Protein chains: 2
Amino acid sequence: MMTYPYRVGFLVLGLALVCAAPLRADEGMWLFNHPPRAYLEKQYNFDATDKWLEHVQKSSVRFNNGGSGSFVSADGLIMTNHHVGADCMQKLGDKDHNYYRDGFHAKSRAEEKGCNDLELNVLMSIEDVTDQVNAAVKGDLSPEEAFKARRAVMAKIEKDSLDKTGLRSDVVALYQGGQYHLYRYKKYTDVRLVFAPEQQAAFYGGDPDNFEYPRFDLDVCLFRAYENDKPAKIAHYLKWSKDGAKKDELVFVSGHPGRTDRSNTVAELEYLRDRGFPYLLQRLYRWEVMLTAFSGRSEENARQAKEFLFSVQNSRKAREGGLAGLLDPELLRRKKEAEHKLREQIAQKPEFKEALEAYSRIEKAEKTRGRIAREYAVVEAGGGFNSELFVYARTLLRAGEERAKPNAERLREFRESNLESLRQQLFSEEPIYNNYEIAKLANSLTWLVEQLHEQNPLVQKVLAGKSPNERAAELIGGTKLKSVELRKKLYEGGTKAVEACDDPMLALARLVDEPARAVRKSMETEVEEVKRQAHAQLAKARFAIEGTNTYPDATFTLRLSFGTVKGYEENGQHVPYETTIAGLYERAKEHHDKPPFDLPKRWEERKDKLNLKTPFNFVCTADIIGGNSGSPVINRDAEVVGLIFDGNIQSLVLDFAYAEDQARAVSVSSQAIVEALRKVYDAGKLADELTGKQ
Amino acid sequence: MMTYPYRVGFLVLGLALVCAAPLRADEGMWLFNHPPRAYLEKQYNFDATDKWLEHVQKSSVRFNNGGSGSFVSADGLIMTNHHVGADCMQKLGDKDHNYYRDGFHAKSRAEEKGCNDLELNVLMSIEDVTDQVNAAVKGDLSPEEAFKARRAVMAKIEKDSLDKTGLRSDVVALYQGGQYHLYRYKKYTDVRLVFAPEQQAAFYGGDPDNFEYPRFDLDVCLFRAYENDKPAKIAHYLKWSKDGAKKDELVFVSGHPGRTDRSNTVAELEYLRDRGFPYLLQRLYRWEVMLTAFSGRSEENARQAKEFLFSVQNSRKAREGGLAGLLDPELLRRKKEAEHKLREQIAQKPEFKEALEAYSRIEKAEKTRGRIAREYAVVEAGGGFNSELFVYARTLLRAGEERAKPNAERLREFRESNLESLRQQLFSEEPIYNNYEIAKLANSLTWLVEQLHEQNPLVQKVLAGKSPNERAAELIGGTKLKSVELRKKLYEGGTKAVEACDDPMLALARLVDEPARAVRKSMETEVEEVKRQAHAQLAKARFAIEGTNTYPDATFTLRLSFGTVKGYEENGQHVPYETTIAGLYERAKEHHDKPPFDLPKRWEERKDKLNLKTPFNFVCTADIIGGNSGSPVINRDAEVVGLIFDGNIQSLVLDFAYAEDQARAVSVSSQAIVEALRKVYDAGKLADELTGKQ
């Protein structure tokens, strides 16, 4: 599964990096305003017209909880992955309904179920605002001043754009600050669940098969966008291909890759290898064990924790794959060689003298990061206080303080143009389970003690003379922030109301806020800003040396990838590009129908009705990464042939470098979706809507 | 589950610690040569006669893979836990037989199956050799010299005893070096599996119920000791109680608690809280995730990894409980108070001046430990090279070198008196699975890089320019040490043969041996020896101040505990002392018969035959800890009323302090064992043998 695990509202800015080395074959997560036209023309004889690009762009949908999707009917039907919709299904469930596990099917529009806090974005336009941003950030500013100046100008551009167009407006740093583009989105906040299969079909093979291939997964989910309580009327949506994906065919993927680190310097890669990834994995291992143990105690526990557990397992596998790539000396050798070559080329151009120093500035910044990373992770990034209720408390506390400031000076998530999204999350009606919140908070308070040590004065204050377990129980039991009404009152009342409220979770948020803001400031100015400036210099030098025919590192913004439908060789065996529905039944038999390889009951019953030769999953060489989950795979005619839901294990290294030999994107075949809707789920009406039958 | 997770042959010596503070009620893991006679007499009106003690002692059995047991028939029948026998069951299995999962029942003696590398010890005598040891270790020696002198005199005492008696002879440091006792054991190395239920019955409720109560587990397993290919004739064995355990009855537990840390100084407890436990847990979380993922891929994988996974989960839960105890400020407060009081008392006695300094020496030693612990753990303790094949390689390499030295100068595991046990392990016929070994080794090489960093010259040499995954595959694929024959040849050929062999795993063992021995030496002399001397001084001061009516910290040697059969209060509810077989069926129903709460098939089928009122599990206040697994619970008449298999979650703090309010030892009732043997497993003959029917 390739969900990009951060909420957009809390995305840490500024780690988009300049792209490295000469392009290989089907490499690239291209900008829609800078597509690889010439290459496509030459290699594939494909003309990427403006019209084609606009159509695909406006048919693409971003799921702000970390995935991609696309419009697939004129009535606002949206296709994505089951695992992208999981968050919504999980929240719609209760003790008596487990839609995540059992699936969901609205037989009429009236039965479609609204998802509380889901925001979808459709990219309407891109505008290059690099000059405006650079003009505001003078060359002689200190990193702290530069950071503030940039934040201010970006907030202003966004606010002006929002006021003018009414569209969500985000300034995106591309090429690590080599360019700044203004992205304007149409937002959909009334989004309803239409169809999802049972999780057993969507995630057949479970964690053992995750990131593996061949696969047999129906990882699909359908939503519908509403406006004014009616299905949205959509001009740009993708039509359904009659024939599906063919071997060796050119295909495109339009989606939102979350983040890549391809242009990291060697110092940055070494940081990730030696500190970043091991640290993150340490946290993930701990969560995975805690959530598995919690889930084991009862079915209801398992339902509550399933989605988080799932995302933890998924991240764990992805990071292990990434770390294995970084621990492959060959990858580092190639990176070192490329960096060495570029440094020599830069050295020959006196006008880029500063760029040479950029390398050592980056190295120094990584050392600073190493010093503050733990504190940052537990105190500001929330690792020490993992509970929805703490997130609410902090958001309320800061919302009061930040909204009192001019827009340009606020913490980024409180900028005017983001407040609507913020409110949607803050006032979410999602249910909160005390025992689950206590378990998570106790685990993260223990982690806090471990990271900062028991003697740390902040830790002492946080624990207030209790053990982590006791303190978590006291906080979760005592807070009143479970009430949406109270949260609304506190948000509207601002700082005054928050100050007057003696809620224990608010008190905790208040207690940690000063050190949290301080370490965030260090991270933003001493690490990220320094690196941003250094990378911007490197980017300029590279544009001059290597030309601009390239793409920036992924930033969870819309990108176009392309590739061909083909298998690969592994341990001397050929892995065919495609599986069929018949393969699902064979695999279940091989594993004696034991979980997670057991057949879903419906599939067992409907076997005779199905055309077993229907293609089920397929792979292609398109360049994707986490965040691309739910992206449509389309052919030259922009017709849907598949739905990205995973990459194979060899693709996990794509974080650092594109590879074509074995790395593959894994998709559900369009034919399998229609076949299953009609014959397994009795959802012929939806299949008709997808395929354009009336 | 309370398995003590270290093999005796590799037990790190010297962490036995002096016991703290005034005794509470049923506290104590008492020495058989220093039982709490007066207390038992006064409190329970029980006379612990020499005869009674000798009988119980010689009926008790130590499982050298980390558990306890007892003789329960004149024909050598031995009772222990399923989870203590697990290692043997797992190894007896193959692709077609999974005795661990499915159980085992030898219907005749001919069908009893020999366990390759299981060694059982029965304690025959204890001799106080404190004076001999102290005479050899003069007061003016440096820590390094003192360590060597002590090792030499201990090896000599053991060798002399072995030569004289033919019995396994171990000198045990008690009261952290306050006393040294020579333990002589009769060894049984021909041990055969007789009966085990399916794992589902033994470990009903799985990881979620582990360390919980109420319980419904038949965690039992029967072996038989053989001599000269015939069932051993046993003079001392425990008879079966007709009535089982009664409420409020006095009971005894005779077994081998592995380790406690009750007399740790505050500095030592803080080390465990801040570094020791978090570090160990970090490793356990990682193993648990890796083993769970590996097991998910196929049934055969799961079979191979099950036992290790099980022990990892068990340790994880135990350590989490211990850490939670250390993070309870109340426990530390009490420990600080007691230490403060003792220091003041010592300060008033000029003859114990040195003991006062002992505290700061211990504190300093813990700082040294903090500096070298990582390297020690990965390089010497094997954390960086987790594979049976590496253990073989290192043992062969060192066996050659060490056996060439005088007995007194060898690494402790190569002392003359231990060689037979060592050979038994080294020449084990246990099957080795390449993929499993590769997965474990790749994981631990990755851990090695993470702990020591990629730039470390030793790490570079170990990886030899490969990634951890590649290197692990190359080593496991290339080594020939899977052959028992080769291992025998190399062992017998000594250093010359080992040097002449160019096996890659031997080469790896050779590569790390110098730094491994160096860090072991630092750990032994700069940490353990310093602490041993300091604790010995503290112990003497305490004997003088508090008297000698006390027990030493646990050392995986035979101890007598006692207590009463009774329930406890939890969250305002009374938890009754006993469960019945009926409860098993209720619990399965509550959980809709879903794993791990599903009923074993045999139990489903035989429900009607069973007397559902039969007691199943019960709790008592006896003072136990990991290693006590499989200990018999006996009444005043030394009759078996139960079988220890776990402690509740509140008992996990017993590592640091006895607690009687809620901490409970959990046992299988003797009646449940007989009822199940007769009515579920058609093993009436075994039930007859246990109950003495002919």
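These numbers come from a predicted model, not from an experiment.

(A) Structural context of the relation of the copies chain A and chain B. With an RMSD of 0.0 Å, the operation that places chain A on chain B is a rotation of 180 degrees combined with a shift of 0.0 Å along the axis. The two molecules are tied by a two-fold rotation axis, judged by turn and shift. The position closest to the rotation axis in chain A is occupied by the C-alpha of Tyr-285 of chain A, lying 2.8 Å away. Interface overlap between copies: 100% of the residues of chain A at the interface are likewise at the interface in chain B, consistent with a symmetric, same-surface contact.

(B) Structural detail: the interface of chain A and chain B. Contacts between chain A and chain B engage 37 residues on the former and 37 residues on the latter. Of the roughly 3100 Å² buried at the junction of chain A and chain B (both faces included), carbon and sulfur atoms supply 58%. Three residues stand out in chain A for area buried against chain B, namely Tyr-285, Val-289 and Leu-327 of chain A, and they jointly supply 18% of the buried area on that side. Counting the contacts that link chain A with chain B gives four salt bridges. For the pair chain A and chain B, the number of links is seven residue pairs in polar contact (both at pLDDT 80 or more). Of all the elements in the fold, those that place two or more residues in the side of chain A that touches chain B are α8 (206-209), α9 (266-297), α10 (299-326), α15 (434-452) and α17 (468-478) of chain A. For the side of chain A that touches chain B, the element with the most residues is α9 of chain A, which contributes 11 residues.

(C) Structural detail: the pairing of strand β22 (residues 665-669) of chain A. Residues and elements named next belong to chain A. A large share of β22 lies buried, amounting to five of its five residues. With four bridges joining them, strand β19 (residues 615-620) and β22 adopt antiparallel strand pairing. Within β22, the residue paired with Cys-620 across the bridge is Ala-665. The sheet contact formed by strand β21 (residues 639-647) and β22 spans five bridges and is antiparallel. Pairing of Ile-644 across the sheet is with Ser-667, part of β22.

(D) Structural context of unusual backbone geometry. Following Tyr-213 of chain B, the chain continues into Pro-214 of chain B via a peptide bond in cis, with omega recorded as 0 degrees. Positionally, Pro-214 of chain B belongs in the loop between α8 (206-209) and β11 (221-227). A cis amide bond links Pro-595 of chain B with the next residue in sequence, Pro-596 of chain B, at an omega value of 0 degrees. Position of Pro-596 of chain B among the secondary structure elements: in the loop between α20 (581-590) and α21 (601-605). We note that Asp-229 of chain A has phi near 65 degrees; this positive angle belongs to a residue other than glycine. With respect to the element layout, Asp-229 of chain A can be found in the loop between β11 (221-227) and β12 (230-231). Here the phi dihedral of Ala-464 of chain A falls at roughly 50 degrees; this positive angle occurs in a residue that is not glycine. Along the chain, the position of Ala-464 of chain A falls in the loop between α16 (457-463) and α17.

About the cut-offs
Residues numbered from 1 in each chain as written. Chains lettered and ligands numbered in written order. Predicted model: local features only at pLDDT ≥ 70, side-chain atom pairs only at ≥ 80, totals over all residues. Heavy atoms only, no water. Least-squares fit on C-alpha atoms with pLDDT ≥ 70 in both. Contact = heavy atoms within 4.5 Å. Buried area = accessible area lost by both parts, 1.4 Å probe. Salt bridge = Lys/Arg side-chain N within 4 Å of Asp/Glu carboxyl O. Polar contact = N/O pair within 3.5 Å; in protein donor to acceptor, adjacent residues only side chain to side chain. Helix = DSSP H or I, 4+ residues; strand = E, 2+ residues; numbered from the N terminus. Buried < 20%, exposed > 50% of the residue type's maximum accessible area, 1.4 Å probe, protein only. Pairing = 2+ DSSP bridges.

Take it as geometry only, folks, not as evidence of what the structure does.
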